[in-house]
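A closer look at the structure
Spelled out, the chains give:
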There are 2 protein chains.
Amino acid sequence: MNSANHPARSADDSLDALFAPRSIAIIGASSDQRRFGGRPIQYLLEAGFEGPIYPVNPVRSEIQGLKAYPSIAEVPGPVDLALLAIGSDDTQQTVEDCIARGVKAVISYGAGFAEVGEEGIARQARLVETARRGGLRLLGPNCMGALNARTRFYGTFASALEDGVPPAGRIAIASQSGGYGGYLLRHLFLRGLGVSQWVTTGNEADIDVGEALHWMAGQEDNDVLIAYIEGLRSSESLLAALRRARENRKPVVVMKVGRTAEGSAAAASHTASLTGQDSVYDALFEEYGVYRARTTDELLDVAAALSRRSLPKGPRVGVISISGGVGVQIADFISDAGLEMGTVPEHTQARLRELVPHCSPRNPIDMTGLVTTNHDIMEKTLDAVFEADAFDAVLIFLGIAGAAPSMAGPLQQAIANAHARAPDRLVMVSVTCAPEMMREYDAKGMLAFEDPSRAVSALAALWRFRQTFEAELPTPVALPPAAPLNLPADGKLNEAAAKALLAGHGIRSPREALARDAADAARLGTEIGFPVAVKIVSPDILHKTEVGGVALGLADAAAVEAAVARMAATIPSHAPAARIDGYLVSEMVNGGVECILGISQDEAFGPVVTFGLGGTLVELLKDTVCALAPVSEERALEMIGKVRTAPLLTGYRGGPRHDIEALAKAISGISVLAASHADTISTIEVNPLVVQPGSGGVIALDAVIETRQAGSGDRHA
Amino acid sequence: MNSANHPARSADDSLDALFAPRSIAIIGASSDQRRFGGRPIQYLLEAGFEGPIYPVNPVRSEIQGLKAYPSIAEVPGPVDLALLAIGSDDTQQTVEDCIARGVKAVISYGAGFAEVGEEGIARQARLVETARRGGLRLLGPNCMGALNARTRFYGTFASALEDGVPPAGRIAIASQSGGYGGYLLRHLFLRGLGVSQWVTTGNEADIDVGEALHWMAGQEDNDVLIAYIEGLRSSESLLAALRRARENRKPVVVMKVGRTAEGSAAAASHTASLTGQDSVYDALFEEYGVYRARTTDELLDVAAALSRRSLPKGPRVGVISISGGVGVQIADFISDAGLEMGTVPEHTQARLRELVPHCSPRNPIDMTGLVTTNHDIMEKTLDAVFEADAFDAVLIFLGIAGAAPSMAGPLQQAIANAHARAPDRLVMVSVTCAPEMMREYDAKGMLAFEDPSRAVSALAALWRFRQTFEAELPTPVALPPAAPLNLPADGKLNEAAAKALLAGHGIRSPREALARDAADAARLGTEIGFPVAVKIVSPDILHKTEVGGVALGLADAAAVEAAVARMAATIPSHAPAARIDGYLVSEMVNGGVECILGISQDEAFGPVVTFGLGGTLVELLKDTVCALAPVSEERALEMIGKVRTAPLLTGYRGGPRHDIEALAKAISGISVLAASHADTISTIEVNPLVVQPGSGGVIALDAVIETRQAGSGDRHA
């Protein structure tokens, strides 16, 4: 049908019609430029959109100087995109009309869908089903539209453009929130920065923020991608977008809200989507080198710095300050941010002392107020430190001295002159001045900030991106063909069955055997060798210690017999309904480091593997790391290095090095198990998992596996 | 002499002459207003200083329209203060001349003293000795001077005043750095805020930042005190200042730089003073309710918010946003900041739905963009939430919608109207607009910020000050008369002597006795009761485990004899020079929670007591708290509550509650011991200190006490 008009293109075909349309209809078109049926027409005309614009309005023949049509059916030429500036009641029929007319994509601005409860959810479900069946891509509903500066497409009613459509820039934005998307747009304009593409996804009935970002990552006319995320229903599109962005070396800066319990509660009430567990996002962002901003200021600072397309080649920062006090402060920021204070070589210090005898030539360098009044000193100071190659970036604190119009010009020129002789160094300026003068510094090739702490944060972000782009993109872990699990009929696994399953995936347990009764246990203890541990085995009792179901360090057969007899006598009073499968007699494992290793399910991301040091402290310290399953052994080693207590494993205060290779294998192994059987296994908890010294391997002292069939049992009872 | 001219005043007398002088001489006076001998005269004239100004210059008879005098001796009237705008070579003689002339105070601007090394240090020492002998107070040298808006005294050459002397405000600033002090001044002016007093202390030969702050805390015309600190030589004046500020309910906001190792290194090279251990400052600031700002933006935000003199009566915040996305973000900030999202009652939600049917009436409240265009809805929304008394503070996010001049006025009025009906509630606004319009919001009684995260941080600071001012000022701990310690002649204490000393201060050790040899040890073990522990006792061996000098859980006399024999045979090869005093045989202490308790010396603050949970993890997790010694038992209980692992002591996951009262007694006791004998004891380390369950008390399993006489021995060998 209509596609015959287009030459063959990439898989992004259908989104090109949406985000780079060649012809546009506005259904519900209005002459009132303040209305959402009027504003997009105004913007499109103002920007000089080159394709045809077809206002559709049943009662007007002309709108904003354009010929209007009574219905979409009567529009003459082909229509890539229809903007629906209509209420939720009319949307279904209109979408059907659009499909009939051969329209390829629609943007639905209207509210009254999934965000308003039951009825709206049903309305939205019908709409998206219709669109999919008709091959129509749908942005929204309840969104603020999209823009694409290259094609002068401004399909939005965002008030951020009211003061005029700004020039194109090289920052692309995908936002779930229209309001926040507009807010960002406005702030970028205030900083003199333009955007290449901008998309708000609203209710995400069809296209979600990940798919929008994926399309942007494939466009050539942007250098920085920004995403605003409240929650995801599924993660595939986001993962694909992040991978594509990495492949194309496009830095991604994300604002993910709902970080805290308070925030998540608010996000759930605001959108129709689910907010994933926040640490999973952190793990994901770290894996892909995404920068997660905490505040809008930070997001804008980092995006602005990235838009200069120059990353520092190392972490060494030089500070040139006119105030010793601020120099010390900046050294604090640099240390906090994980950057380094570079060292000024002796001969360079001597050179600086020649320039200003009373200077402090060590980093932070204090050349006194002279550098701001004598521009030659500024230029020669920079030449000296650039020549010494002691710094990858230089932060010049000018404070209020860089603001006087008479002084700023020559000062900027002096800095720019020296910078031109060392163009691979990054030059930042902290200066208190009006925004217009700030732009002058920017225009001369420096990154200008007011507060030095913000300059340092932005620099740290740039350095992190540099490292990310130099590292290999992580290879996806291939899942083996999933072997059947041979679960019991009711899907419940007792400890012995759980351990057997883990043993099949490379995680061994202590030598142990299941005893029927006290005498049997004593016999098995003798076979295994004393001392032994005895634990009750029951699919209905998951927290054994709490019911007195664990006895450790039993030294002889008599002790074993007594312990089992006590359990058999007292446990039924704690857990009357519990089936007792027997008593597990195990070798005692002494020494080693106790860890916890587990699998949980994230609503959006599926199985997540979590690792942490164990013992009683784990929940108190929350010293754990997580990652999306499956993870490779390399990635697992990185995870191990990230817990604060990792030195306990790697040899702490003369202690032994433990078998972290075996631990990495276990982390990877359990993650592959969970990912291969994501439809069957819901959670796994190995606690404690003991990591032995040397190459002694790991031993699962206890394990709980829950299946989807069996549900959560009395896990949290 | 001159003091006969003044009525009797407080102990601040001598500083009044410095900071509120009634007559001023400028020595080294200049007609050139850009020079440090010219600028202060210009400022004083511009501001209309009412007392006499006497320029002193050997070759000029008139300066800036004032009669000049060839020397200080020839100035006609009494002189409270002389400003020394002269080089370091002339300063000594000039100070002597000032003393002879009866001048009460001087401000020395000149550099070339302690900050430039040996010669300068000697020059400064002589200067301060002369000043003290002559009863002359001295600010500087190497400082930028001071100002006092009430008396129109502008004794500074800070370029921050170049654009004109601004109106008086109610913020006072004491800064060790002149450059940073000027930077702060300028930023306050840019925000439309003035200062009451401003003092820069430079090299602090006589007056330090603490003394300046102490004077400010006694003045009536300020509401907020700001201090900028790089390091202190002694802490008494700062402690006195913080106490006085608390007594007068003046909030103190501090920027203390040199937080990190990088920063401290820089601070040491910049100033002549020592940077104290940073966590000691944190402990001190917390004790006195001082707010420590990390960045200048934060410092200014908090000071600006405080200058409104309105603190929230509780932590419950209501968020009214025109963008759901930003609302979620703000909820995150609120949770991070330790504030609470207030709950909107059902009937108020119903009322909000009446106003805007499609609103989100739960907190964060989203009334849609309608609140910004329909001001009546804004006013009624605020009335509804104020009436419900669900919030102590309201943060209204207007974003870019509050900026249009046509909209801002009526919007401000609507908010102010509702606020007038609930004046005890705090109203904050987050709005993107020009600074002038920001001031309009401020002028209508709202606290206006651009980024909502900064509004939330400032609010959290206000709430913290409210809590501080409602709490009792901590009572200083009275030290008992120090009993003599009866140290050995060489000042060295072995483990037994250290434990005996601690026992005298309420910290008991296990039942134990010192054995001469293996047979003796076996006999003592039988007396004490098995199992026992044996440890080598030597004043020369402090890390016993590392030389094989510890054996635990010895079950009978034979085991004890074998262990001691092994130590006697092998230890001399590890530590050939070690005197061996014997073998300590002790009862085994099982169970309890291992802690670490110690005393160290801070260069500025003296003895500091540190407490943390113990075991191998203490150094890894750095989960410790410290406080200046001595501390009361109440304060010690607060310290215990602050370590992250405190739940292990108070009953964690069904574990027992441990004897935290005895622990608090031990913390307080050891701190009193150290403070009473600060001249004798340098460090104490009790590790592990075992806290027993129930009311079992605490037991010191090991203790090391170092005296100043004995030095640190082989402590870190």
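Residues numbered from 1 in each chain as written. Chains lettered and ligands numbered in written order. Predicted model: local features only at pLDDT ≥ 70, side-chain atom pairs only at ≥ 80, totals over all residues. Heavy atoms only, no water.

**Re the overall build of chain A**
Test applied: Secondary structure counts use DSSP, requiring at least four H or I residues in a row for a helix and at least two E residues in a row for a strand, with both numbered from the N terminus. Exposed residues in this analysis have more than 50% of their type's maximum accessible area, buried residues have under 20%, and partly exposed residues fall in between, with area computed by a 1.4 Å probe over protein chains only. Any two residues whose heavy atoms approach within 4.5 Å are treated as being in contact. Surface exposure here means Shrake-Rupley accessible area, sampled with a 1.4 Å probe, where a residue is shielded only by the protein chains that are shown.
The helix and strand inventory of chain A stands at 24 helices and 30 strands. Across its three principal directions, the C-alpha atoms of chain A cover 95 × 80 × 40 Å. Across the 717 residues in chain A, those meeting the buried criterion constitute 59%. Pairs at least 24 apart in sequence give 71% of the contacts found in chain A among residues at least 6 apart. Per element, the accessible surface of chain A, about 27400 Å² overall, is 52% carbon and sulfur.

**Overview of the packing of helix α12 (residues 346-355) of chain A against helix α14 (residues 375-388) of chain A**
All names here are of chain A. Heads up, the condition is: Every angle, taken between N-to-C directions, lies between 0 and 180 degrees, and every axis is a line fitted to C-alpha atoms, over only the stretch in contact when it is a helix. Angles below 35 degrees are treated as roughly parallel, those above 145 as roughly antiparallel, those between 65 and 115 as roughly perpendicular, and all remaining angles as oblique. Just so you know the grouping, Ala, Val, Leu, Ile, Met, Phe, Trp, Tyr, Cys and Pro go in nonpolar, Asp, Glu, Lys and Arg go in charged, and all remaining residues, Gly too, go in polar.
As a packed pair, α12 and α14 sit with axes 10 Å apart at the nearest point and diverge in direction by 175 degrees. With respect to α14, the axis of α12 lies roughly antiparallel. Residues T348, R351, L352 and L355 of α12 lie in contact with α14, whose contacting residues are I377, K380, T381, A384, V385 and A388. Its residues assigned to classes, the contact of α12 with α14 comprises six nonpolar, two polar and two charged.

**Overview of the sheet that holds strand β7 (residues 137-139) of chain B**
All names here are of chain B. Let me state the cut-off plainly: Here a strand pair is declared whenever DSSP counts at least two bridges between the two strands.
With respect to topology, five strands assemble into an open sheet ordered β2-β1-β5-β6-β7, the strand pairing being parallel. Both outer strands of the open sheet, β2 (53-56) and β7, are each paired with one neighbouring strand and no more. Pairwise comparison of adjacent strand axes, ignoring direction, gives a mean angle of 20 degrees for this sheet. For strand β1 (residues 24-27) and β2, the ladder comprises four bridges, and the chain directions are parallel. Bridging from a neighbouring strand, I27 pairs with V56 of β2. Strands in contact with helix α3 (residues 88-101) are β1, β5 (81-84) and β6 (105-108); relative to β5, the strand with the most contacts, it is inclined by about 170 degrees.

**Some details on helix α6 (residues 209-217) of chain B**
Counting buried residues in α6 of chain B gives seven out of nine residues, a clear majority hidden from the surface. Considered for burial, the residues of α6 of chain B that qualify are V209, G210, A212, L213, W215, M216 and A217 of chain B.

**Quick notes on the relation of the copies chain B and chain A**
Two copies of a chain can be linked by a rotation about an axis combined with a shift along that same axis. Threshold: Only residues with pLDDT of at least 70 in both copies contribute their C-alpha atoms to the least-squares superposition of the copies.
Once chain B is rotated about the relating axis by 180 degrees and shifted along it by 0.1 Å, it coincides with chain A to within an RMSD of 0.1 Å. The symmetry that links the two subunits is that of a two-fold axis. The rotation axis passes nearest to the C-alpha of L621 of chain B in chain B, at a distance of 4.6 Å. Of the interface residues in chain B, 100% have counterparts in chain A that sit at the interface too, so the contact is made through matching surfaces.

**Overview of the pairing of β6 of chain B**
Residue and element names in this part refer to chain B. Residues A105 and I107 point to one face of β6 and V106 and S108 to the other, with burial holding for every one of them. Here β5 pairs with β6 via four bridges, running parallel. What sits directly across from A82, in β6, is V106. In this structure, β6 lies alongside β7, joined through three bridges in parallel fashion. Following the sheet pairing, I107 is matched in β7 by L139.

**A word on the interface of chain B and chain A**
Inclusion rule: Accessible area that two parts lose when put together, with a 1.4 Å probe and added across both, is what the buried area reports. The rule for a salt bridge is simple: a side-chain nitrogen of Lys or Arg has to be within 4 Å of a carboxyl oxygen of Asp or Glu. Residues adjacent in sequence count toward polar contacts only when both atoms are side-chain atoms; beyond that, a polar contact is any pair of N or O atoms within 3.5 Å, and within protein one must be able to donate a hydrogen and the other to accept it.
Across the boundary between the two partners, chain B contributes 62 residues, which contact 62 residues of chain A. Taken over both partners, the interface formed by chain B and chain A buries close to 5100 Å², and the fraction arising from carbon and sulfur atoms is 60%. Viewed at the interface, chain A and chain B are joined by two salt bridges. Between D336 of chain A and R294 of chain B there is a salt bridge, with the nearest N and O atoms lying 3.4 Å from each other. Our count for the chain B to chain A interface comes out at 10 residue pairs in polar contact (both at pLDDT 80 or more). At 10 residues, helix α11 (residues 324-336) of chain B tops the list of elements feeding residues into the side of chain B that touches chain A. Among the residues making up the side of chain B that touches chain A, the classes are represented as 25 nonpolar, 22 polar and 15 charged.

**Digging into the confidence of the model for chain A**
Low-pLDDT stretches of the model should not have their predicted coordinates read in fine detail. Residues and elements named next belong to chain A. For clarity, the threshold we go by: Each residue gets a pLDDT score, which is the predictor's confidence in that residue and runs from 0 to 100.
When the pLDDT values of chain A are averaged, the result is 89; 94% of them are 70 or greater. Long-range and interchain partners of residues 1-11, a stretch whose pLDDT sits below 50, account for 10 contacts in this model, where long-range means more than four residues apart. Considering only residues more than four positions removed or in separate chains, one finds that residues 712-717, a stretch of pLDDT under 50, has 10 contacts. For this predicted complex, the interface confidence reaches an ipTM of 0.85, while the overall pTM sits at 0.88.

**As for the pairing of strand β13 (residues 252-256) of chain A**
Look at any regular strand and the pattern is simple: side chains alternate between the two faces of the sheet. All names here are of chain A. In plain terms, the rule: By the criterion used throughout, a crossover qualifies as right-handed when its path from the first strand across the helix to the second strand runs clockwise, the strands pointing away from the viewer.
The buried count for β13 comes to five of five residues, which makes it a mostly enclosed element. As judged from the five bridges shared by strand β12 (residues 224-229) and β13, these two strands associate in the parallel manner. Pairing of L225 across the sheet is with V252, part of β13. Note on the crossover from β12 through helix α7 (residues 236-247) to β13: the handedness is right-handed. Bridge count for β13 against strand β14 (residues 291-292) is two bridges, and the pairing is parallel. Bridge pairing in β14 links V254 to R292.

**Side note on the side chain of H677 of chain A**
Inspection of the secondary structure puts H677 of chain A in the loop between α24 (660-676) and β28 (681-691). Of the residues examined, H677 of chain A reaches a relative accessible area of 9% and is grouped as buried.

**Some thoughts on the state of the cysteines**
Residue and element names in this part refer to chain B. What counts, and what does not: Here, the term disulfide refers to a pair of cysteine sulfur atoms separated by no more than 2.5 Å.
Here the structure, examined in full by the defined rule, presents zero disulfides over all chains. The thiol sulfur of C143 is not disulfide-bonded, and the nearest other cysteine sulfur, from C98, lies at 14 Å. Judged by relative accessible area, C143 falls into the buried class, the value being 4%. You can see C595 has no disulfide; the closest cysteine sulfur is in C626, sitting 16 Å from it. According to the relative accessible area criterion, C595 is buried, its value standing at 0%.

**Section: the nonpolar core**
The cut-off we apply is this: The set of buried Ala, Val, Leu, Ile, Met, Phe, Trp, Tyr and Cys residues whose side-chain atoms join them within 4.5 Å is what this entry labels a nonpolar core.
I107 and L213 of chain A together with I107 and L213 of chain B are the most contacted members of the largest nonpolar core, which totals 236 residues. With sequence-adjacent residues up to four places away left out, I107 of chain B is seen in contact with L18, L81, A82, L83, L84, L139, C143, G145, A146, F153 and G155 of chain B.

**A closer look at the pattern of salt bridges**
Residue and element names in this part refer to chain B. In the structure shown here, the tally under the stated rule is 101 salt bridges over all chains. R309 is the partner of D223 in a salt bridge, and the nearest nitrogen-oxygen pair spans 3.5 Å. With a gap of 86 residues between them, D223 in the loop between α6 and β12 (224-229) and R309 in the loop between α10 (296-306) and β15 (316-321) connect regions that are remote in the sequence. For D223, a relative accessible area of 12% translates into the label buried. With relative accessibility at 59%, the residue R309 sits in the exposed group.

**Side note on unusual backbone geometry**
All names here are of chain A. Look at the link from N363 to P364: it is a cis peptide, with omega at 0 degrees. Within the chain, E204 stands out as a residue other than glycine whose phi angle is a positive 55 degrees. Relative to the helices and strands, E204 resides in the loop between β11 (195-200) and α6 (209-217). Assessed through its relative accessible area of 6%, E204 is described here as buried. Even without being glycine, D389 reaches a positive phi, approximately 50 degrees. Position of D389 relative to the elements: it lies in the loop between α14 and β18 (393-399).

**What to know about α14 of chain A**
Residue and element names in this part refer to chain A. So the rule is basically this: Expected span, for any helix, means 1.5 Å times one less than how many residues it has.
The terminal C-alpha atoms of α14, which comprises 14 residues, lie 20 Å apart, in line with the 20 Å expected from a rise of 1.5 Å per residue. For α14, every residue scored as buried is listed here: I377, M378, E379, T381, L382, A384, V385 and F386. Here α14 starts with a cap whose side-chain oxygen sits 3.2 Å from the backbone nitrogen of D376, and that cap is N374. Directly beyond the C-terminal end of α14, a positive phi value near 50 degrees is found at D389.

**Details of the packing of helix α7 (residues 236-247) of chain B against helix α9 (residues 278-288) of chain B**
All names here are of chain B. Rule in force here: Each crossing gets its handedness from the near helix: less than a right angle anticlockwise from the far helix is left-handed, clockwise is right-handed.
α9 packs onto α7 with a crossing angle of 25 degrees between their chain directions and a minimal axis gap of 10 Å. With respect to each other, α7 and α9 are oriented roughly parallel. Both α7 and α9 take part in a crossing whose hand is right-handed. Across from L238, L239, L242, R243 and R246 in α7, the residues of α9 making contact are L284, E287 and Y288.

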